[in-house]
Amino acid sequence: MTPLWIKNPLGIFTANDLDAGGGLVVSDSGTIIELVPSGGQPSTPCTVFDASAHVVLPGLINTHHHFYQTLTRAWGPVANAPLFPWLQNLYPVWARLTPRSLELAVQVALAELLLSGCTTAADHHYLFPDGMEDAIDIEVAAVRAMGMRATLTRGSMTLGEDDGGLPPRTTVQSPEAILADSERLIRQYHETGDGAVVQIALAPCSPFSVTKEIMAESAAMAERFDVRLHTHLAETIDEEDFCRSMFGLRTVDYLESVGWLGSRTWLGHGIHFNDEEIARLGAAGTAVAHCPTSNMRLASGTARVLELEAAGVPVGLGVDGSASNDASNMILEARQALYLQRLRYGASVPVERALGWATRGSAAVLGRSDIGQLAPGLQADLALFKPDELRFSGSHDPVAALLLCGADRADRVMVGGSWRVVDGAIPGLDVAGLIAEHSAAARKLVAG
């Protein structure tokens, strides 16, 4: 096989300062071997993909999701609820998850993400009721079948309602069961090095659903096996109040007390930090997954993204669960991040900065240096958008138009040199059949 030249794109965003105006060259092993400057030619013979109608981005990277929640989108009883009541109403529904309903939920989430230009996704799965002990195994199989990359986090809950937490007793596990399964999953599935397809991280759900002991023990295991740590933190004022009441600590003090304040950790949401806490997070290299749509939907608040980055905090984007975002669309999430941060900081926040959060920033959040930008030696994970719909008519800057005009679907997506989306569709996926079976599973889950 000869290398493939993605030739002369209409527009290109590399997430760095390199010139790729003439496109890029992909090796048959699935890496980028050359960036072609404007007006240039590749240095080796190539087959050609004419990208003159496409805007090329690095594959988008989703740093926080709950795939199973695609089954409870736009559910009436929580449509207008803030986080804690939203959780209290949904936990009993989610406790009825089955292996097949989870499999369908994951397939829907991954397909939706892939079609939006997302090539790598982090999922936070923390529900393991009876019969769901193999939940992460189900996710691994679905990710591999879809041809994407994923960081799958083995979540956990130990504090049930009778212990002062929010989840029902049927959804919590013993520390022994959690740690044993966490070690099993790391040994069985975690891949290291460039091009890793599946990675495992450890992810106690939140301060209000686990004990300090399981947080500390998870941190020790992550250190031992060199995997990452993830949890929700500082999402709402209610959470801050819970930490003060339960542990006598603010959220960042709590994080430090359990050995989590370090560069191995990334946090979902990270909204309610004061100036001193932002400085401490930055000094530690602790990362934040910004989830703008979910934060707006639940009225949780607005993350101080520019101040976090200025302090040295890696920041990426997450769509969050599909019951608080109600969608799994990464290019729309970048648009939402741009606009929400402009509300806080002003209209000078650049389009390119928001695209950077969804690519290079998100890669840093997940601890990866092989994806998230276009450069020689990196993985050929690409999202190609075709701005030819009515919404783009009259637009002039093709890269800016993706966010400003509201692109929502990629025309082509490549993962590791292989096309996974062609002409706006996933080859071999029966979308209509998936929708029908998934919708039936969703109705059954809610009905009980």
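Above this text is the structure in question.
Anyway, here's the lowdown on the structure attached to this text. (Residues numbered from 1 in each chain as written. Predicted model: local features only at pLDDT ≥ 70, side-chain atom pairs only at ≥ 80, totals over all residues. Heavy atoms only, no water.)

A look at the sheet that holds strand S5 (residues 47-50)
For sheets, the rule is that strands pair by backbone hydrogen bonds, running either parallel or antiparallel. Operational definition: Strand pairing is defined by DSSP finding a minimum of two bridges between the two strands. A run of DSSP states H or I qualifies as a helix once it reaches four residues; a run of E qualifies as a strand once it reaches two. Both are numbered from the N-terminal end. Inter-axis angles, ranging from 0 to 180 degrees, are taken between N-to-C directions of lines fitted to C-alpha atoms, where helices are fitted over the stretch in contact.
Strand order across the open sheet formed by four strands is S4-S3-S1-S5, with mixed pairing between neighbours. Both outer strands of the open sheet, strand S4 (32-36) and S5, are each paired with one neighbouring strand and no more. In this sheet, adjacent strand axes meet at a mean angle of 20° when their direction is disregarded. Across four bridges, strand S3 (residues 23-26) lies against S4 in antiparallel orientation.

So, the packing of helix H2 (residues 99-115) against helix H3 (residues 135-146)
For any two helices packed against each other, the geometry is given by the interaxial angle and the distance between the axes. Using the following cut-off: In this scheme, a crossing is called left-handed if the near helix is turned counterclockwise away from the far one by less than a right angle; it is called right-handed if the turn is clockwise. Contacts: residue pairs with any heavy atoms within 4.5 Å of one another. Three residue categories are used. Nonpolar comprises Ala, Val, Leu, Ile, Met, Phe, Trp, Tyr, Cys and Pro, charged comprises Asp, Glu, Lys and Arg, and polar comprises the others, including Gly.
Contact geometry for H2 and H3: axes closest at 9 Å, N-to-C directions at 35°. Relative to H3, the crossing made by H2 is right-handed. The segment H2 lies against H3, with Pro-99, Leu-102, Glu-103, Val-106, Gln-107, Leu-110, Ala-111 and Leu-114 engaging Ala-135, Ile-138, Glu-139, Ala-142, Val-143 and Met-146. Partitioning the contact of H2 with H3 into residue classes produces 11 nonpolar, one polar and two charged.

Brief notes about the pattern of salt bridges
As a reminder of what qualifies: When a carboxyl oxygen of Asp or Glu lies within 4 Å of a side-chain nitrogen of Lys or Arg, that pair is called a salt bridge. Exposure classes here rest on a 1.4 Å probe applied to the protein chains alone. A residue is buried below 20% of its type maximum, exposed above 50%, and partly exposed in between.
Going through the model one piece at a time under the given rule, you end up with 25 salt bridges. For Arg-187, the salt bridge is made with Glu-183, and the minimal N-O distance between the two is 3.0 Å. One end of the pair is Arg-187 and the other is Glu-183, both in helix H4 (residues 175-189) and four residues apart, which spans about a single turn. Its relative accessible area of 60% is what places Arg-187 among the exposed residues. For Glu-183, a relative accessible area of 25% translates into the label partly exposed. For Glu-256, the salt bridge is made with Arg-280, and the minimal N-O distance between the two is 2.7 Å. Linking Glu-256 in helix H7 (residues 251-257) with Arg-280 in helix H8 (residues 275-284), this pair joins segments that are 24 residues apart in sequence. In this structure Glu-256 comes out as partly exposed when scored by relative accessible area, which is 45%. Taken together, the salt bridges that share partners define one network made up of Asp-137, Arg-154, Asp-181 and Arg-184.

Description of the state of the cysteines
Which entries qualify depends on this criterion: Pairs of cysteine sulfur atoms within 2.5 Å are identified as disulfides in what follows.
Scanning all chains against the criterion turns up zero disulfides. Here Cys-243 stays free of any disulfide, with the sulfur of Cys-205 as its closest cysteine sulfur at 12 Å. The cysteine Cys-291 is free of any disulfide, with Cys-118 supplying the nearest cysteine sulfur at 13 Å.

Digging into the side chain of Arg-280
To keep it simple, the criterion reads: We define a polar contact as two N or O atoms separated by no more than 3.5 Å, with the added condition that, inside protein, one atom must be a possible hydrogen donor and the other a possible acceptor, whereas residues neighbouring each other in sequence contribute only through side-chain atom pairs.
Since its relative accessible area comes to 18%, Arg-280 is described here as buried. A polar atom in the side chain of Arg-280 sits 2.9 Å from the side chain of Asp-253. At 2.7 Å, the side chain of Arg-280 and the side chain of Glu-256 are in polar contact. Filtering out sequence-adjacent residues up to four positions away, Arg-280 remains in contact with Val-252, Asp-253, Glu-256 and Leu-261.

So, the packing of H4 against helix H5 (residues 212-225)
This is how it is decided: Every angle not falling under 35 degrees, over 145, or within 65 to 115 is termed oblique; those three ranges are roughly parallel, roughly antiparallel and roughly perpendicular.
Interaxial distance between H4 and H5 falls to 11 Å at its minimum, and their mutual angle equals 20°. As the angle between them shows, H4 and H5 are arranged roughly parallel. The chirality of how H4 crosses H5 is right-handed. Judged by residue contacts, Pro-175, Ile-178, Leu-179, Ser-182, Glu-183, Ile-186 and Arg-187 of H4 engage Ile-214, Glu-217, Ser-218, Met-221, Arg-224 and Phe-225 from H5.

Some words on the sheet that holds strand S15 (residues 382-385)
Strand order in this open sheet of five strands is S2-S6-S15-S16-S17, and the pairing throughout is mixed. Every interior strand has two partners, whereas the edge strands, strand S2 (11-12) and strand S17 (418-421), have only one. Relative to strand S16 (residues 412-415), S15 runs antiparallel, the two sharing three bridges. Across the sheet, the residue bridging to Leu-382 is Met-414, located in S16.

Side note on the pairing of strand S6 (residues 55-58)
A regular strand places its side chains on the two faces of the sheet in alternate fashion. Going residue by residue along S6, you find Val-55 and Leu-57 tucked away on one face and Val-56 and Pro-58 tucked away on the opposite face as well. Pairing of S2 with S6 involves two bridges; the strand directions are parallel. Across the sheet, residue Gly-11 finds its bridge partner in S6, namely Val-55. Inspection of the sheet shows S6 paired to S15 by four bridges, in the antiparallel sense. The partner of Val-55 across the bridge, within S15, is Phe-385.

Digging into H2
Note the cut-off: Given the number of residues in a helix, its expected span is that number minus one, multiplied by 1.5 Å.
Over its 17 residues, H2 runs 24 Å from end to end, which matches the ideal 24 Å to within 8%, given 1.5 Å per residue. Counting buried positions along H2 yields 12 of 17 residues, so the element is predominantly enclosed. Regarding H2, the residues found buried are Ser-101, Leu-102, Leu-104, Ala-105, Val-106, Val-108, Ala-109, Leu-110, Ala-111, Leu-113, Leu-114 and Leu-115.

Some points on unusual backbone geometry
One non-glycine residue with positive phi stands out, namely Ala-74, at about 50°. Secondary-structure assignment places Ala-74 in the loop between strand S7 (60-62) and helix H1 (83-94). Ala-74 sits in the exposed class, given a relative accessible area of 61%.

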